[in-house]
Structure formats: structure tokens, C-alpha cells
Amino acid sequence: MKYQEACRHTKGNKGAHQLCVSIVPIFNHLQNEEMEEVAKTTRSISLKKGELLHSAGDASDSLYIVHQGKVKVYRLSENGKEQLIRILQPGDFTGELALFKESIHDDYAEAMEKTDICSIQRGDLQEFLQRYPNISLKILSEFSNRLGQAESQMTSFATEDVETRIGLYLAQQVEENKSTEYHLPMSRKDLASFLGTTPETISRKLAKFEDEGWIEQEDQRRIRVLDLDALLLI
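Treat the numbers as computed from the prediction; the structure is a model and nothing was measured.

Chemist: What is the right way to look at helix α3 (residues 32-40) in this model?
Modeler: Burial in α3 covers these residues: Met35, Val38 and Ala39. Seen along its axis, α3 keeps its buried residues to an arc of 100°; they face one direction. Exposed and facing more than 90 degrees away from the buried side of α3 are Glu33 and Lys40.

Chemist: Got a minute to help me understand the state of the cysteines in this structure?
Modeler: All chains considered together, the criterion is met by one disulfide. Disulfide partner of cysteine 20: cysteine 118, at an S-S distance of 2.3 Å. Pair noted here: cysteine 20 is in helix α2 (residues 14-22) and cysteine 118 is in strand β10 (residues 115-121), with a separation of 98 residues, a long-range link. The burial state of cysteine 20 is the same as that of cysteine 118; both residues are buried.

Chemist: For this particular structure, what's the right way to read the UniProt feature "domain: HTH crp-type" (unreviewed entry) in the chain?
Modeler: Within this numbering scheme, the UniProt entry marks residues 160-229 as carrying the feature "domain: HTH crp-type" (unreviewed entry). Helix makes up 56% of residues 160-229 and strand 14%, whereas the separation of the span's terminal C-alpha atoms amounts to 17 Å.

Chemist: It is not clear to me how the sheet that holds strand β6 (residues 82-88) should be interpreted in this structure. Could you clarify?
Modeler: Backbone hydrogen bonds are what pair the strands of a sheet, in a parallel or an antiparallel way. In spatial order, the strands read β2-β9-β5-β6; together these four strands make up an open sheet with antiparallel pairing. Among the strands making up the open sheet, the edge pair consists of β2 (52-54) and β6. Strand after strand, the sheet turns through a mean of 30° between neighbouring axes, direction not considered. Judged from the four bridges that link them, strand β5 (residues 71-76) and strand β9 (residues 108-111) form a sheet pairing that is antiparallel. Looking at the pairing, valine 71 lines up with alanine 111 of β9.

Calculation notes
- Counting starts from 1 at the beginning of each chain's written sequence and moves along it residue by residue.
- Only residues with pLDDT of at least 70 are given local features in this predicted model, and only at 80 or more are side-chain atom pairs given and counted; all residues enter the totals for whole chains, interfaces and linings.
- Excluded from the side-chain calculations are hydrogens and water; all other atoms, namely the structure's heavy atoms, are used.
- Only protein chains enter the accessibility calculation, which uses a 1.4 Å probe; a residue is then buried when its area is under 20% of its type maximum, exposed when over 50%, and partly exposed in between.
- Numbering goes from the N terminus for both helices and strands, where a helix is a DSSP run of H or I of at least four residues and a strand is a run of E of at least two.
- As used here, the arc is the angular range of directions from the helix axis to the C-beta atoms.
- In plain terms, two cysteine sulfur atoms within 2.5 Å form what is called a disulfide here.
- UniProt positions are given in the numbering used here, feature names are shortened, and annotations may be inferred rather than shown by experiment.
- Any two strands with at least two DSSP bridges between them are considered paired.
- As a rule, the C-alpha atoms of each element are fitted with a line to give its axis, helices using only the stretch in contact, and angles between N-to-C directions run from 0 to 180 degrees.

Have a look at this one:
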């Protein structure tokens, strides 16, 4: 089901919309009254697990902000193989290219769990960009970050073997979670897609890391890193 079928307008829910806007890095520098102006233009979207926010080929005319839940953004190869691009969590956004020109989506965005999203249409946001230029700078900064991540991922695929990619990913999660014990943000199937391998290889390598004493697995998603240096040096 596409987002148009799940979309619902929520009048009188200004507080929730402002909270949604306030957690987004491109808006959280605004004053309260300015943030309230942005919030008034937002529209609420509720998605169930597995529902699509958009598909490749759909018109791209809005910025989508994740308020609660998670969304995976991916592309499909000609043979139907899924390539995970990123996971969006609360405060993350997608659809930003629509702010600068009319375009279509070249990827899919799917709810990984029950997810609430705020959307802002192109015309409304373009008006805010003119009134508050700092928003444009924040968006350019996010573009730069995403480009850097994409280049890093491509380099990793080209120069590192699967075991190294998995080890570096686990080490990166320690930094992002600021803890050596964390819950993986995606299933093994999605992790395999993100790292360019198979779920079976993910399971086999994690079992090897555990046998080596580098990690402990409490379940399919809970990881405790015991030897961070070993993961970084694979």
C-alpha cells in the first residue's frame, strides 16, 4: 500500500507536528515561532509495517520526516535483488531532492515497523527556504554527509572483503550507540543487503566472531562487542 492510501490529515494536532519538526536537524535551529510556522504546513502519514511510503517511479513532491518508527530506503536491481541504501529513524528525512526540481523517486521507502511521518510539500518548503536561508545550508550539509556515506560504501564494496565489511559495521555501531552493547537497527536480511552479501554469510561470520571471542550474540539482533580492536583490524 502506498502512502496516499495511508495518509490522514490531522487538524488540531499542531503540538505533535511541531515536535516532529523540532527533532529534524534542518529545522531545530529555528525559533519556536518559526518552527510553529513550519509545523502548520505539515501533513501526517501513518504506515503499518511493510507499507510503502513511495515506490520508484512515483512523483517526488514532498519532504518526508520520520517522527516515530523506522523506514528503509532501497533500490531494486534488474533481477529484483534489493540493495539497501539507508535506514531512516526518528529525525531523519527523505525526499529532499524534490525541493529543488520536479522529479520522480528512483528508490523505494518502506516502513520497517509502525511508523508516523510528517510531510511538507515542495511549494511550502521552498517558501521557507527563501525566508530562512539557514535551512538551505543545513540541507546542503546533509547532502554532503550522504554523498560521503555513499562513496564510503562504494569504496568498501570495491576494496574490502565481506568479513572486513561486517567487522567495520559492528565497530561503527559501537561509536553510533556509544556503547559496546547494542541492538542492530535492521534484520540480518537487510544487513546483508546493506553490506552486499547474503544472510547466510552474515550468520556464519557473526558465529566466527563469537568463536574468536570478539563478540557475544544474545539473540538475532543483540550484540555485545568484547574486542573492538579485533573488529577494526580484520
